[in-house]
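Secondary and tertiary structure notes
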Amino acid sequence: MNYFSLIKKSPGLLSFGFSINFFSCLGQTFYISLYNDSFRSSLSISHGELASLYGAATILGSFFLLSLGWLLDKIELRIFVFFNSLLVAFSCWLISISDSIFLIFLSFFLIRLSGQGLWGLTAQVSMARYFEKNRGLAASFANNGFALGFAIVPIIGAWLIANVDWRVIWLYSSYFVLLVIIPLNFFQLKNQKDRDKIYKDKLKVEEQSLVKDKVIQVSLKYALRDKKFWL
């Protein structure tokens, strides 16, 4: 199966993976770093202080990502994406009003967790989960959304910074998430309820099967004890 056949079969889900990876650029370092001068001048902090805040927020976000990723296994995809997108919108708004080291740290933490972390994780998990036989092809297609973002978002960001106040940019980014991204995701995932039912029914069959090579659903604790996982 090639890209065109896969797109024809599942246009909504594939476009969701592609677009959510593209929009995750809001939380990526290559985009946020465009605003370094604005952050430093507004908060009167040095390069080193800004880097320390950002680094600490990113590390903290990675720990929370480990703690929250399991929710994708428990919550229906549309609901998970909706609430995470609300968090992205809140993060953008918080950046726009940040006037202290605490607020900028909190906003960095939230945008890295929700925008870069959970949005990206959602794209990868949904491609792997619902395209069992073609998950590699689906994941590579979805990852092209990130590649496109990497190519054009810095250009767009640089133009915006040159023409619009940075706080306004982040404020309108919040509006964009609420008014464009969330409705778009709901449209793309309109058949998700049926897709999720098929997936859950398949898991039940696998759990009840006695075949030797059945798929085993394991916990994170179990995986962390397995040396193969670390290798």
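Residues numbered from 1 in each chain as written. Predicted model: local features only at pLDDT ≥ 70, side-chain atom pairs only at ≥ 80, totals over all residues. Heavy atoms only, no water.

A closer look at the nonpolar core
We apply this condition: Take the buried Ala, Val, Leu, Ile, Met, Phe, Trp, Tyr and Cys residues and link them wherever side-chain atoms come within 4.5 Å; each set so joined is a nonpolar core. Categorising residues by exposure relies on relative accessible area from a 1.4 Å probe, with only protein chains included: less than 20% of the type maximum marks a residue as buried, more than 50% marks it as exposed, and the intermediate range marks it as partly exposed. Runs of H or I in DSSP of at least four residues are treated as helices and runs of E of at least two as strands, each being numbered from the N terminus. Contact criterion: two residues are considered in contact whenever any of their non-hydrogen atoms come within 4.5 Å of each other.
Core analysis: the largest hydrophobic core is formed by 55 residues, its most contacted members being Leu26, Tyr31, Phe39, Phe108, Trp119, Met127 and Trp170. If one sorts the elements of this core by residue count, helix 7 (residues 101–130) sits on top with twelve residues. Ignoring sequence-local partners within four residues, the contact set of tyrosine 31 consists of Cys25, Leu26, Val153, Gly157, Ile169 and Trp170.

Considering the packing of aromatic side chains
Put simply, the rule reads: Ring geometry is summarised as follows: Phe, Tyr and Trp rings, the Trp one being its six-membered ring, pair when their centres sit within 6.5 Å, and such pairs are stacked at plane angles under 30 degrees, edge-to-face over 60 and tilted between the two.
The tally for this structure, following the rule as stated, stands at 19 aromatic pairs. With centroids separated by 5.6 Å and ring planes inclined at 75°, the aromatic side chains of phenylalanine 22 and phenylalanine 23 adopt a geometry described as edge-to-face. Measuring from centroid to centroid gives 5.9 Å for phenylalanine 82 and phenylalanine 186, while their planes differ by 70°, and the two rings are edge-to-face. Placement of phenylalanine 82 in helix 6 (residues 77–97) and of phenylalanine 186 in helix 9 (residues 166–188) is noted, with a sequence separation of 104 residues between them.

Digging into the packing of helix 4 (residues 36–43) against helix 9
Operational definition: Here an angle of 0 to 180 degrees is reported between the N-to-C directions of two axes, which are lines fitted to C-alpha atoms, with helices fitted over the stretch in contact. Following the grouping adopted for this structure description, the nonpolar residues are Ala, Val, Leu, Ile, Met, Phe, Trp, Tyr, Cys and Pro, the charged ones are Asp, Glu, Lys and Arg, and the polar ones are all others, Gly among them.
Direction vectors running N to C along helix 4 and helix 9 enclose 115°, while the axes themselves pass 10 Å from each other. Contact residues: helix 4 offers Ser38, Phe39 and Ser42, while helix 9 offers Trp166, Arg167 and Trp170. Of the residues contributing to the contact of helix 4 with helix 9, the split by class is three nonpolar, two polar and one charged.

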